[in-house]
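Residues per chain, in single letters:
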Amino acid sequence: MVRKSYLINGVVQGVGFRPFIYKIACKNKLCGFVKNDSNGVELEVEGCEENIKIFEEQLHSQLPPLARVDTIETKELEPLYEKSFEIIESSINTQKSKTALISPDVSTCKECLEDIKKAGKYHNYFATNCTNCGTRYSIVKTVPYDRVNTSMDKFEMCESCHEEYKNPNSRRYHAQPISCNNCGPSLRLMVKNEELNISDDEKFRKLADFIKEGAIVAIKGIGGFHIVCDATNDEVILRLREFKNRPTKPFAIMCKDIVQIKSLVCAVSDSEEVPSGCAVSDSEEVPLVYVNEKEEELLTSKEAPIVILKKSLFSYVKLSKLLAPNIDRIGCMLAYTPLHHLLFGHLNTPIVATSANLGDEPIITKIEDIFTKLPFVTIVMDFDRDIVNGVDDSLLQVISGKIQTLRLARGYAPKVIKLPLKSEKKILAVGANQKNAIAFVIDDNIILSPHIGDLNSLKAFEYFERTIETFKRFYDFEPDIIVHDKHPNYETTKWAKRQGKELLEVGHHLAHIYACKAEFGLTNDYLGFSFDGTGYGDDKVNGEAGEGALGCGTLWGGEVFVGDVRKYHFKPIKLLGGEKAIKEPRRVALSMLFDVLSLEEVQELDLACVKEFSHENLKLLHQSHTKNLNAPQSSSVGRMFDAIASFSDIAQTISYEGESGLLCESYYDENITKRFNYVITDGVIDIKIVEYILNNKLDKQELNSIFINTLAEIIINISKKEKLEVILSGGVFQNKTLLGLTAKRLEKENITYFYQQQTAINDGGIALGQAYFCVKNNIA
């Protein structure tokens, strides 16, 4: 007889891991116990040596769908000659810090969807779940993951659910959120603050009718409320845009299933020119969206993210043109809760499903806030299971068969990155001000929070602080070091400096590079291209970091690092009017003209960006340029995309971050291979955009295609010169065309490259990079 103990770390709580251990232990005639503790799962097994060996093999090869094992510590013990194997009560190890990982929320499994169709206690039950699916992070208060530590603690199991919970052969064996129509959370449909006294089945039918009739409604989901309306109704989407002050930013849609996505088609009118390579059938219909194998895999995965798909720009038959105007992308996701599926039982069209929030505030999790903050919503479907931790939908796209994460949230976060190094100290990295997420380092793990968002409002910053407190509670965590951005005006920086802890500041663009290094466990020096919109630079003005209109001397955003040292950057552009220029591409284009032409010469140009301004305004802006008045310099590639959008007259003003890049990408033509001339002098990259514009007839497709081709060419040529493996990071590389073209060229040159796939490539990855910089440089 042999007895062994196992301490298992990873995603092993709330994923059916203890029932799994119970089953394979009993199958192999082993005795002992298994339990959750604050560090993961602890178990002891006793039996003959051969059976224990088989047990260990099955432990690795037959894991439950949601489980992941990171480490196993084993120890041989003296046999106790027990007679049974049991799941016993969870414990808290007071000798060690809590390290048990929280599972992300995942979509409903096929078996549970079948259950809601059958007669019985789960019939049409909106909160049906099992150990393989459903809520996790959004309902957890602390670890270990037991019902008492979740928002399900107030719902007492009925006798039937309790029997399933205790039955080792049930899919719901020790499923902590188990409930049914008889004992679980209840559904309500509110209309103008009054609850409709009708059956649950009628509530879904009534809600579907409201949507069909053009209502804008709110529906509670896993991590917060969605604002929902008919995705085929121009009038209602226009109203929603007006209410949310969202002129052109795309709305994501939710479809019933993958069949519905593939069934969406659009018609080609006689006046529309068919792009080359796009076949049109005799019926003059083409697919609205194009779904490749990898995209379908993501859409139908247990994580069920929003996936950005390529769409036709033809006239739509089944969807509104106002969903994602002027661009050739649209975000799609599939129904991922029983509630969604029950609603689609009465709907035949896709719906808009956008986060319910006010401006830059976080997603709303309570019905009271819907009525007070979003008065245009008078119809709400709600339920009484509290959302403890709000979480948005994740956002992904596929580039050349590889995943790229744009927003790490529901389904994927909290996310753990296993490090090749171990930290002796506990580290908190507070990230950036835009697309904020935070990161915690415990031993050799970086734990990355779900997307928090832009910290431009008091509510958003409160959410940031609340998320920190949540993770501190999860892990009894108190940081030894807080890592923050160098920008002194970031709210995260100000917060860090108020905590009275040891501090480390990390440059924004170097953090982008380190985020990629963290994801892949890279430790050597690399050639890092860090391209984004704006970020605090290390340039010195009068011996100190500058305090221009946007907080520094030169705003970085087009930086190339060799190791940790910036070796190349793009020629800075003066941002006329400071922050105004970020919303007005015409100001960036005008500034580039002023770099090479006099005021009088610019006034004579027949360019849209010039005609946008009166002669008087041109004089004032020229004065701003020549005297450096409210005109901070920026080396940002994002701002160059703004300039190209203005020069090609596809956008003179924008309403959301990254709009210029999306528009430029929509005009890319792969048949155009020309590039702008450029020179690199003392590490400064100067693309001769204005010179081209002054000497050539402007064509929208040509200008945008040439610019993207030029950026790829610059990356390739510097990479060939430096002879290092390459890292591509920063928000500009969300541009699918640029990243795909660059990757293809790097592969052709046999240059190894990395870009983030499982973590956010934009500012959502900054905290990850800050944390890894601290660990990698032995600061912790």
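Residues numbered from 1 in each chain as written. Predicted model: local features only at pLDDT ≥ 70, side-chain atom pairs only at ≥ 80, totals over all residues. Heavy atoms only, no water.

### As for the nonpolar core
For clarity, the threshold we go by: Think of a nonpolar core as a cluster: buried Ala, Val, Leu, Ile, Met, Phe, Trp, Tyr and Cys residues, connected wherever their side-chain atoms sit within 4.5 Å. Only protein chains enter the accessibility calculation, which uses a 1.4 Å probe. A residue is then buried if its area is under 20% of the maximum for its type, exposed if over 50%, and partly exposed in between. Starting at the N terminus, helices and strands are each numbered in turn, a helix being any DSSP run of H or I of at least four residues and a strand any DSSP run of E of at least two. We call two residues contacting when some pair of their heavy atoms lies within 4.5 Å.
Core analysis: the biggest nonpolar cluster contains 120 residues, and Phe-529, Leu-590, Leu-593 and Phe-647 have the highest contact counts within it. Per-element accounting of this core gives the leading share, ten residues, to helix α22 (residues 700–722). If sequence neighbours within four positions are ignored, Leu-590 has contacts with Leu-576, Val-602, Val-610, Phe-613, Leu-618 and Leu-621. Grouped together as the second largest cluster of nonpolar side chains are 78 residues, Ile-330, Ile-446, Leu-510 and Ala-511 included.

### Some remarks on the environment of Cys-158
Looking at the secondary structure, you find Cys-158 in the loop between α3 (110–115) and α4 (159–166). Classification of Cys-158 by relative accessible area gives buried; the value is 17%. For the pair Cys-158 and Ile-672, spaced 514 residues apart in the sequence, the C-alpha separation amounts to 67 Å. In this structure, Cys-158 is in contact with Cys-180, Asn-182 and Cys-183, ignoring residues within four places of it in sequence.

### Description of the packing of helix α1 (residues 17–27) against helix α2 (residues 49–61)
Note the threshold: Angles shown run from 0 to 180 degrees and are taken between the N-to-C directions of axes, each axis being a line fitted to C-alpha atoms and, for helices, limited to the stretch in contact. The scheme is simple: roughly parallel for angles under 35 degrees, roughly antiparallel for over 145, roughly perpendicular for 65 to 115, oblique for anything else. Two helices crossing with the near one rotated counterclockwise from the far one by less than a right angle form a left-handed crossing, whereas a clockwise rotation gives a right-handed crossing. Under the scheme applied here, ten amino acids are nonpolar (Ala, Val, Leu, Ile, Met, Phe, Trp, Tyr, Cys and Pro), four are charged (Asp, Glu, Lys and Arg), and all others, including Gly, are polar.
Contact geometry for α1 and α2: axes closest at 10 Å, N-to-C directions at 150°. By the angle between their directions, the pair α1 and α2 is classed as roughly antiparallel. At the point where α1 passes α2, the crossing takes the right-handed sense. Of the residues in α2, those in contact with Phe-17, Phe-20, Ile-21, Ile-24, Ala-25 and Lys-27 of α1 are Phe-55, Gln-58 and Leu-59. Considering only residue class, the contact of α1 with α2 consists of seven nonpolar, one polar and one charged.

### Quick notes on the sheet that holds strand β1 (residues 2–11)
Here is the rule: Pairing between strands is defined by DSSP: at least two bridges between them are needed.
Strand order in this open sheet of five strands is β4-β1-β3-β2-β5, and the pairing throughout is mixed. The open sheet has two edge strands with one neighbour each: β4 (68–77) and β5 (85–87). Strand-to-strand twist of the sheet, defined as the mean angle between neighbouring strand axes without regard to direction, takes the value 15°. Where β1 lies against strand β3 (residues 40–47), seven bridges are found, and the strand directions are antiparallel. The residue of β3 that forms the bridge with Tyr-6 is Leu-43. Packed onto the sheet, α1 meets β1, β2 (31–37), β3, β4 and β5 and runs at close to 175° relative to β5. Strands β1, β3 and β4 of the sheet are contacted by α2, whose axis makes an angle of about 5° with β1.

### So, the pattern of salt bridges
Test applied: Each salt bridge in this description consists of a side-chain nitrogen of Lys or Arg and a carboxyl oxygen of Asp or Glu lying within 4 Å of one another.
Counted according to the given criterion, the structure contains 49 salt bridges. In this structure, the salt-bridge partner of Arg-172 is Glu-164, at a minimum N-O distance of 3.3 Å. Summarising the burial analysis for this pair, Arg-172 and Glu-164 share the class buried. Linking Glu-235 and Arg-239 is a salt bridge whose minimum nitrogen-to-oxygen distance equals 2.8 Å.

### Some thoughts on the packing of aromatic side chains
Which entries qualify depends on this criterion: Stacked, tilted and edge-to-face are the three classes applied to pairs of Phe, Tyr and Trp rings, where Trp contributes its six-membered ring and a pair requires centres within 6.5 Å; stacked means planes under 30 degrees apart, edge-to-face means over 60, and tilted covers the rest. Our definition puts a charge over a ring when NZ of Lys or CZ of Arg is within 6 Å of the ring centre and also within 35 degrees of the ring normal.
With the rule as written, the count across this model stands at 26 aromatic pairs. Between the aromatic rings of Phe-520 and Phe-754, the centroid separation amounts to 5.2 Å while the plane-to-plane angle is 55°, which identifies the pairing as tilted. With Phe-520 in helix α13 (residues 508–520) and Phe-754 in strand β37 (residues 753–755), this residue pair connects regions lying 234 residues apart in the sequence. Using a relative accessible area of 32% as the deciding quantity, one classes Phe-520 as partly exposed. Lying over the aromatic face of Tyr-122, Arg-172 brings its terminal NZ or CZ to 4.0 Å of the ring centre. One Lys or Arg, Lys-517, reaches over the ring of Tyr-514 and ends 4.4 Å from the middle of that ring.

### Focus: the sheet that holds strand β23 (residues 439–442)
Pairing in this open sheet of six strands is mixed, and the strands run β21-β24-β23-β22-β25-β26 from one edge to the other. A strand with exactly one partner marks an edge of an open sheet, and here the two such strands are β21 (415–418) and β26 (502–506). Across the sheet, the mean angle from the axis of one strand to that of its neighbour is 20°, orientation sign disregarded. Pairing of strand β25 (residues 481–485) with β26 involves five bridges; the strand directions are parallel. Counterpart to Val-483 in the pairing with β26 is Leu-504. Across the sheet, helix α24 (residues 766–776) is in contact with β21, β22 (427–429), β23, β24 (445–448), β25 and β26; its angle to β22 comes to roughly 145°.

### Some points on a negative patch on the surface
What counts is decided by this rule: A patch consists of residues whose relative accessible area exceeds 30% and which take part in no salt bridge; residues with like charges are grouped when within 9 Å of each other, and nonpolar side chains (Val, Leu, Ile, Met, Phe, Trp, Tyr) when within 5 Å. Here the open area of atoms and residues is found with the Shrake-Rupley method and a 1.4 Å probe, where only the protein chains shown may cover a residue. Within this scheme the basic residues Lys and Arg register as positive and the acidic residues Asp and Glu register as negative, but His and the chain ends are omitted. A charged residue contributes its charge at one atom only: NZ of Lys, CZ of Arg, CG of Asp or CD of Glu.
On the surface, Glu-49, Glu-50, Glu-57 and Glu-76 cluster together into a patch of negative charge. The biggest single contributor to the negative patch is α2, with three residues. With respect to the element layout, Glu-57 can be found in helix α2. By relative accessible area, Glu-57 is classed as partly exposed at 47%.

### A few points about the pairing of strand β16 (residues 329–334)
Burial analysis of β16 places six of its six residues in the buried class, which makes it a mostly covered element. Residues Arg-329, Gly-331 and Met-333 point to one face of β16 and Ile-330, Cys-332 and Leu-334 to the other, with burial holding for every one of them. In the sheet, strand β10 (residues 253–255) pairs with β16 via three bridges, with the strands oriented parallel. Looking across to β16, one finds that Ile-253 is bridged to Cys-332. One ladder, built from four bridges, connects strand β14 (residues 306–311) with β16; its direction is antiparallel. Across the sheet, residue Leu-309 finds its bridge partner in β16, namely Ile-330.

### Some points on the environment of Ser-400
Following the sequence through the fold, Ser-400 ends up in the loop between β19 (395–399) and β20 (402–407). You can call Ser-400 exposed: its relative accessible area is 62%. As for Ser-400 and Thr-737, which are separated by 337 residues in sequence, their C-alpha atoms are 9.9 Å apart.

### Re unusual backbone geometry
In the segment running from Val-143 into Pro-144, the intervening peptide bond is cis, with an omega of 5°. Residue position: Pro-144 is located in the loop between α3 and α4. Within the chain, Lys-435 stands out as a residue other than glycine whose phi angle is a positive 50°. Within the fold, Lys-435 resides in the loop between β22 and β23. At Lys-723, a position not held by glycine, the phi torsion is positive, near 55°. Inspection of the secondary structure puts Lys-723 in the loop between α22 and β36 (726–729).

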